[in-house]
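# Survey of secondary and tertiary structure
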Amino acid sequence: MMYLGIGLVVLSDSKLVLQKTLVTGARGDIGSLLIDLYHAHGQSLTPLDEKSTVTAARILHLAAKSPGASVREYVRSNLLYLQNVITYAKRNSIEELIFFSSASVYGRQDREEIVEEEEGTDLSLYGSSKLFGEEILRESGLKVCSIRLPAILGHRGTKNFVARIYEKLLLGEEIVLTNGHKHYNSFLSVENLFEFLDKVELKKGFDVINLACQNTMTLLELVELMREALDSHSRVVISSDSTGLLSISTSKAEREYGFEPHDPSSTLLRWMKKMSPL
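Along every chain, residues carry numbers that run from 1 in the direction the sequence is written. Given that this is a predicted model, residues contribute local features only at a pLDDT of at least 70 and side-chain atom pairs are listed and counted only at 80 or more, while totals for whole chains, interfaces and linings are drawn from all residues. Only hydrogens and water are set aside when side-chain values are computed; all heavy atoms of the structure are taken into account.

### Some thoughts on the overall build of the protein chain
Per the secondary structure count, the protein chain includes 8 helices and 15 strands. Type-normalised accessible area, obtained with a 1.4 Å probe on protein chains alone, sets the label of each residue: buried when under 20%, exposed when over 50%, and partly exposed for intermediate values. A burial count over the protein chain gives 49% of its 278 residues as buried. Only heavy atoms enter the contact rule, under which two residues are in contact if any of them lie within 4.5 Å. Pairs at least 24 apart in sequence give 80% of the contacts found in the protein chain among residues at least 6 apart. Values of accessible area rely on a 1.4 Å probe in the Shrake-Rupley scheme; residue burial ignores everything except the protein chains shown. Of the roughly 13800 Å² of accessible surface on the protein chain, 51% is carried by carbon and sulfur atoms. Helix numbering and strand numbering both begin at the N terminus, where a helix is a DSSP run of H or I of at least 4 residues and a strand a DSSP run of E of at least 2.

### A closer look at the pattern of salt bridges
A pairing counts as a salt bridge when a side-chain nitrogen of Lys or Arg comes within 4 Å of a carboxyl oxygen of Asp or Glu. For the structure on display, the rule yields 13 salt bridges. Among the salt bridges present, the one from arginine 235 reaches glutamate 174, with a minimum N-O distance of 2.7 Å. With a gap of 61 residues between them, arginine 235 in the loop between α6 (219-230) and β14 (236-238) and glutamate 174 in the loop between α4 (161-171) and β11 (175-177) connect regions that are remote in the sequence. By relative accessible area, arginine 235 is classed as exposed at 53%. Among the ionic pairs, lysine 204 bridges to glutamate 256, the shortest N-O distance being 3.5 Å. Here lysine 204, found in the loop between α5 (190-199) and β13 (206-210), pairs with glutamate 256, found in helix α7 (residues 251-257); they are 52 residues apart in sequence, far enough to count as distant. Look at lysine 204 and you get partly exposed, because its relative accessible area is 36%. Exposure remark for glutamate 256: the relative accessible area of 23% places this residue in the partly exposed category.

### Observations concerning the packing of helix α1 (residues 29-40) against α5
The relative placement of two packed helices is expressed as an angle between their axes plus a distance between the axes. Running from N to C, α1 and α5 cross one another at 60 degrees; their axes reach a closest spacing of 10 Å. When the axis of α1 is compared with that of α5, the two are oblique. In this structure, α1 meets α5 at a crossing whose hand is right-handed. Where α1 abuts α5, its residues Ile30, Leu33, Leu34, Leu37 and Tyr38 lie against Val190, Glu191, Leu193, Phe194, Leu197 and Asp198. By residue class, the composition of the contact of α1 with α5 is 9 nonpolar, no polar and 2 charged. Whenever a helix is involved, its axis is fitted only over the stretch in contact; in every case the axis is a line through C-alpha atoms, and angles between N-to-C directions fall within 0 to 180 degrees. Roughly parallel here means an angle under 35 degrees, roughly antiparallel means over 145, roughly perpendicular means 65 to 115, and every remaining angle is called oblique. The handedness criterion is simple: a crossing whose near helix is rotated anticlockwise from the far helix by less than a right angle is left-handed, and one whose near helix is rotated clockwise is right-handed. Classes in brief: Ala, Val, Leu, Ile, Met, Phe, Trp, Tyr, Cys and Pro nonpolar; Asp, Glu, Lys and Arg charged; the others, Gly included, polar.

### Regarding the sheet that holds β13
Neighbouring strands of a sheet are bound in pairs by backbone hydrogen bonds; such pairs are parallel or else antiparallel. Spatial strand order, β5-β4-β6-β7-β9-β13: 6 strands in an open sheet with parallel pairing. Taken across any chain shown, the strands that pair with only one partner, and hence form the sheet edges, are β5 (45-47) and β13. In this sheet, adjacent strand axes meet at a mean angle of 25 degrees when their direction is disregarded. With 4 bridges connecting them, strand β6 (residues 58-61) and strand β7 (residues 96-102) associate as parallel partners. Bridging across to β7, histidine 61 finds its partner in phenylalanine 99. Any two strands with at least two DSSP-identified bridges between them are counted as paired.

### Considerations on the packing of helix α2 (residues 71-91) against helix α3 (residues 125-138)
Two elements in contact, α2 and α3, have axes separated by 10 Å at closest approach and are oriented at 20 degrees. Taken together, the axis directions place α2 and α3 in an arrangement best described as roughly parallel. Regarding α2 and α3, the two cross each other, and that crossing is right-handed. Contacts from Val71, Tyr74, Asn78, Leu79, Leu82, Gln83 and Ile86 of α2 reach α3 at Leu125, Tyr126, Ser129, Phe132, Gly133, Ile136 and Leu137. Residues that form the contact of α2 with α3 fall into these classes: 10 nonpolar, 4 polar and no charged.

### Some details on the environment of glutamate 96
In this structure, glutamate 96 sits in strand β7. With 75 residues separating them along the chain, glutamate 96 and threonine 21 place their C-alpha atoms 9.7 Å apart. Other than its neighbours up to four places away in sequence, glutamate 96 contacts Ala57, Arg58, Ile59, Lys143 and Leu202. Pairing of N or O atoms within 3.5 Å defines a polar contact, subject to two protein rules: one partner must be a possible hydrogen donor and the other a possible acceptor, and residues neighboring in sequence count only if both atoms are side-chain atoms. Polar side-chain contacts of glutamate 96 include one of 2.8 Å to the side chain of arginine 58.

### Describing α2
Taking 1.5 Å of rise per residue, 21 residues should cover 30 Å, and α2 covers 29 Å from first to last C-alpha, within 8% of that figure. The largest bend along α2 reaches roughly 30 degrees and is located at tyrosine 81. Taken residue by residue, α2 has Tyr74, Ser77, Asn78, Leu79, Leu82, Val85, Ile86, Tyr88 and Ala89 as its buried positions. For α2, the secondary structure elements touched by its buried residues are β4 (21-24), β6, β7 and α3. Phi for serine 93, located one or two positions after α2, is positive at around 55 degrees. Helix span is expected to be 1.5 Å times the residue number reduced by one. The angle separating two fitted axes, one through the seven residues that finish at a residue and one through the seven that start at it, defines the bend at that residue.

### Considerations on the packing of aromatic side chains
By convention, a stacked pair of Phe, Tyr or Trp rings (six-membered ring in the case of Trp) has centres within 6.5 Å and planes under 30 degrees apart, an edge-to-face pair has planes over 60 apart, and any other such pair is tilted. By the definition in use, this model includes 6 aromatic pairs. Between the aromatic rings of tyrosine 38 and phenylalanine 194, the centroid separation amounts to 5.1 Å while the plane-to-plane angle is 80 degrees, which identifies the pairing as edge-to-face. Placement of tyrosine 38 in helix α1 and of phenylalanine 194 in helix α5 is noted, with a sequence separation of 156 residues between them. The exposure class assigned to tyrosine 38 is buried, which follows from its relative accessible area of 4%. In this structure phenylalanine 194 comes out as buried when scored by relative accessible area, which is 4%. Measuring from ring centre to ring centre gives 6.2 Å for tyrosine 74 and tyrosine 126, while their planes differ by 50 degrees; the resulting arrangement is tilted. With tyrosine 74 in helix α2 and tyrosine 126 in helix α3, this residue pair connects regions lying 52 residues apart in the sequence. Residue tyrosine 74 is classed as buried on the basis of its relative accessible area, which comes to 5%.

See below:
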């Protein structure tokens, strides 16, 4: 049996059978956009229904409470529901799971090119819940790839750093930047994420990798690019204060899983065009 990049399996009798991929969190911004992309490429991405019995090759586990939730919500959604998903996978003989973790597992850092082996410091409740989720999956017996994600540029994601800068630029508000001279790549387009999911083969019992766009521009360069594209009158002020800024190494994902990070400038320009046509 051979897996093809378009989501098909070739059987010994040469018949083609479409392999179903299940997804949790399908109603969220990123989940709904991924479903659209899968379907646009002739592939199946189906919301997971715990009451159903299905044949599927893989689960994409997106469902989780985002930063700002309560401890009880994190436990119920990010940990207990994860256990339910693992049980469901085993009951339906689904061997592979891709876990949407977060760069928040690294906590408060002031580092460039942070790698997967880096231990987290001063983790938030959200980051802790994702790290605990990884440990649960490590012991699950499933073949798991945990992708530690930065901000995903969706259509309703107004809470992440890039989206907040975008809103300020639209409103013409002053933007104060710390660490403007440092490289920044803590964001990723849904399209780049789909390209990775479409072709990735899980090679180990459990593994973690970082995904992000190319780390080729400073924070100030990115903000100036957005300001010019929007013809914004916002004033950009460079602060002498130093606060933590995290940029992410994707070397492992590129080397071992064939990830091809997109250029940050084109990523931002395409996203802004979808948010508010230029």
